[in-house]
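# Residue-level structure breakdown
One letter stands for each residue in the lines below.
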Amino acid sequence: MHQEVLEYIQKNRDRFLEELLCWLRIPSISTDRQYREEVLNSARYLKEQLAAIGIENIQLIPSEGFPVVYGEKIINPALPTVLIYGHYDVQPPDPLELWNSPPFEPVIKDEKIYARGACDDKGQVYMHIKAVETLLKLNKLPCNVKFFIEGEEEIGSASLPGVLAAHKDLLQCDTILISDTSMVSLEQPSITTSLRGLAYVEVEVTGPNRDLHSGVYGGAIDNPIFRLCKMIASLKDENERITIPGFYDDVKELTLLERRMLAEVPFDYANYLLELDIRATRGESGYTALEQLTIRPTLEVNGIWGGYTGEGSKTVIPSKAYAKISMRLVPYQDSEKITALFKKHFESLAPPSVKVEVRPHHGGNPYISDINSVSYRAAAAAIKQSFGKEPIASREGGSIPILAEFDKVLKKPIVLLGFGLDTDAIHSPNEHYGVKNYFKGIETICLFYYHFAILSRN
Ligand code: BES
Ligand code: MN
Ligand code: MN
């Protein structure tokens, strides 16, 4: 079966690439209202591609935001069912001037596909479509398949829990398979075993009711930007520990064994510094950089603004200051609980000279995989067969907000079988995806179905 799969992929190589490039030409930027129609075009393209390979019961499931593209191939209700999740929306490409070629005019250079969404997540979703095509054409699909591809992942998947709840029966499955993460390298394959959650807030600090002359009023009137900076600075202590009371209460420390497993993931510290052009990292004391990046919670300021930032100078005490703050969460922290703790603490930091408002944005809970599940073992077996090497378990710092919700509603194991590389520049200029990763991914996914079907029988 492996041989036939490889031959089919080889024979259809150019078309498999060309179809992906067509999808990458659609600027499906979910966060930007101006691109609304393009996001819908991305969903429509996906729908056509599913129809073209023989997927049935295809629908655009409406939501409060962008629709979910659903489709299925039920071979036999007695066979196990795999639900594929991914997203057809992308991040904005800004800053445009840093791209070597336009973000929505994909090019293949040095064996890499350059475009926004090439890796995150269109390239990785498309591998699944081509894997199912391959198996259907060879008459070798051993499982039922359901596709569930959303259009709001990059903006927090806010309307997805509603869709999940309303279509629980339609989405019944035995496992959820997702390619929206990275692997260590093509030489050292890996499976992601946990992702962090997220709590995102915006804060507004208000001083006087209008901007004031900084000479006439300066000295007695509190400056909201200065106050905001102090409040933010106090959120971490000298060991880079977050000072919000209760923040670490639900964090489960890793066992020694788990820390050892994580330490097996190759991490070239010197090269990491070099690549980012920094002299040192700085994170929570007592943890390695890799741990700080994956299994420890964080608090970041994503943006801060206020006052006069135009050309020249303006002597002013601003009335308002703002910041966007995000916290990455680890098992078993809860996004809503952390948001509430943040709000209470941040409000308590404000002296009487300013008012503070905390506005929660989106969030999502962390997820940790069961490495003993049938589908995890099937993924490991598939990787071993396609890469010729056993995968290691790695943990990652990013988030897929809907994971915990899948866990809650469908109660089935999720396997994070990603083929991206950390160097693929997702969310950055010049995002790319290795042509090799793309085809290895298709091959491995085909093998996954085979192993999943066999292991499910025992
Ligand atoms: N695919 C990423 C998440 C990811 C990337 C996980 C690399 C592991 C490795 C996803 O599209 C993403 O960017 N998620 C956002 C979620 C947010 C917008 C709610 C994130 O992590 O910031
Ligand atoms: Mn993604
Ligand atoms: Mn993303």
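Predicted model, so just to flag it, every value in this text is computed and none were measured.

It is worth spelling out the sheet that holds strand β9 (residues 197–206) at this point. Taken in spatial order, the 4 strands of this open sheet run β11-β13-β9-β14, and their pairing is antiparallel. Since the sheet does not close on itself, it has two edges, and those belong to β11 (298–306) and β14 (355–364), each with one partner. For this sheet, the mean angle separating the axes of adjacent strands, direction not counted, is 15°. Sheet contacts for helix α6 (residues 224–233): β9, β11, β13 (320–329) and β14; angle to β13, the most-contacted strand, approximately 15°. Sheet strands touched by helix α10 (residues 335–349): β9, β11, β13 and β14. Its angle to β14, the strand with the most contacts, is close to 165°.

What follows covers the coordination of the manganese ion (ligand 2). Around the manganese ion (ligand 2), the donor atoms from the protein are His-87 (NE2), Asp-120 (OD), Asp-180 (OD) and Asp-180 (OD), and they sit 2.0 to 2.5 Å away. Viewed at the metal, the 6 donor atoms of the manganese ion (ligand 2) are separated by angles of 56 to 165°, and the geometry they form is irregular. A separation of 3.6 Å is found between the manganese ion (ligand 2) and the manganese ion (ligand 3), which are bridged by Asp-120. In this pair, Asp-120 is assigned in the loop between β5 (112–114) and α4 (122–137) and Asp-180 in the loop between β7 (175–178) and β8 (190–195), connecting sequence segments 60 residues apart.

So, about the coordination of the manganese ion (ligand 3). Within the protein, Asp-120 (OD), Glu-154 (OE), Glu-154 (OE) and His-427 (NE2) serve as the donor atoms for the manganese ion (ligand 3), at 2.1 to 2.5 Å. What the 6 donor atoms of the manganese ion (ligand 3) show is an angle range of 56 to 155° at the metal, which sorts the shape as irregular. All donors of the manganese ion (ligand 3) come from a single chain, and their spacing in sequence reads D-x33-E-x272-H. The class for His-427 is partly exposed, based on a relative accessible area of 39%.

What follows covers the environment of Ala-280. Structurally, the position occupied by Ala-280 is in the loop between α8 (269–276) and α9 (289–294). When the C-alpha positions of Ala-280 and Ala-270 are compared, they lie 9.2 Å apart, and in sequence the two are 10 residues distant. Among residues more than four places away in sequence, those in contact with Ala-280 are Tyr-269 and Leu-273.

In this section: the sheet that holds β5. Across the sheet, which stays open at both edges, the 3 strands sit in the order β4-β5-β18 with antiparallel pairing between neighbours. Strands with a single pairing partner mark the edges of an open sheet, and in this sheet they are β4 (107–109) and β18 (432–434). Strand-to-strand, the axes of this sheet are offset by a mean angle of 30°, without reference to chain direction. Pairing of β4 with β5 involves 3 bridges; the strand directions are antiparallel. Looking across to β5, one finds that Lys-109 is bridged to Lys-112. Strands β4, β5 and β18 of the sheet are contacted by helix α13 (residues 435–457), whose axis makes an angle of about 60° with β18.

Our next topic: the pattern of salt bridges. Under the counting rule described, the total for this entry stands at 27 salt bridges. For Lys-73, the salt bridge is made with Glu-56, and the minimal N-O distance between the two is 3.0 Å. Linking Lys-73 in strand β2 (residues 68–73) with Glu-56 in strand β1 (residues 56–61), this pair joins segments that are 17 residues apart in sequence. A salt bridge links Lys-408 to Glu-405; its shortest N-O distance comes to 3.8 Å. Of this pair, Lys-408 and Glu-405 both sit in helix α12 (residues 403–410), separated by 3 residues, roughly a single helical turn. Assessed through its relative accessible area of 55%, Lys-408 is described here as exposed. Here the salt bridges do not stand alone but share partners, grouping Glu-202, Glu-204, Lys-320, Lys-324, Glu-357 and Arg-359 into one network.

Each value, and the rule that gives it
Residues numbered from 1 in each chain as written. Chains lettered and ligands numbered in written order. Predicted model: local features only at pLDDT ≥ 70, side-chain atom pairs only at ≥ 80, totals over all residues. Heavy atoms only, no water. Pairing = 2+ DSSP bridges. Helix = DSSP H or I, 4+ residues; strand = E, 2+ residues; numbered from the N terminus. Axes fitted to C-alpha atoms, helices over the stretch in contact; angles between N-to-C directions. Contact = heavy atoms within 4.5 Å. Donors = N, O, S within 2.8 Å, 3.2 Å for Na, K, Ca; no water. Tetrahedral: all angles 85-135°; square planar, octahedral: opposite > 155°, others 65-115°. Buried < 20%, exposed > 50% of the residue type's maximum accessible area, 1.4 Å probe, protein only. Salt bridge = Lys/Arg side-chain N within 4 Å of Asp/Glu carboxyl O.

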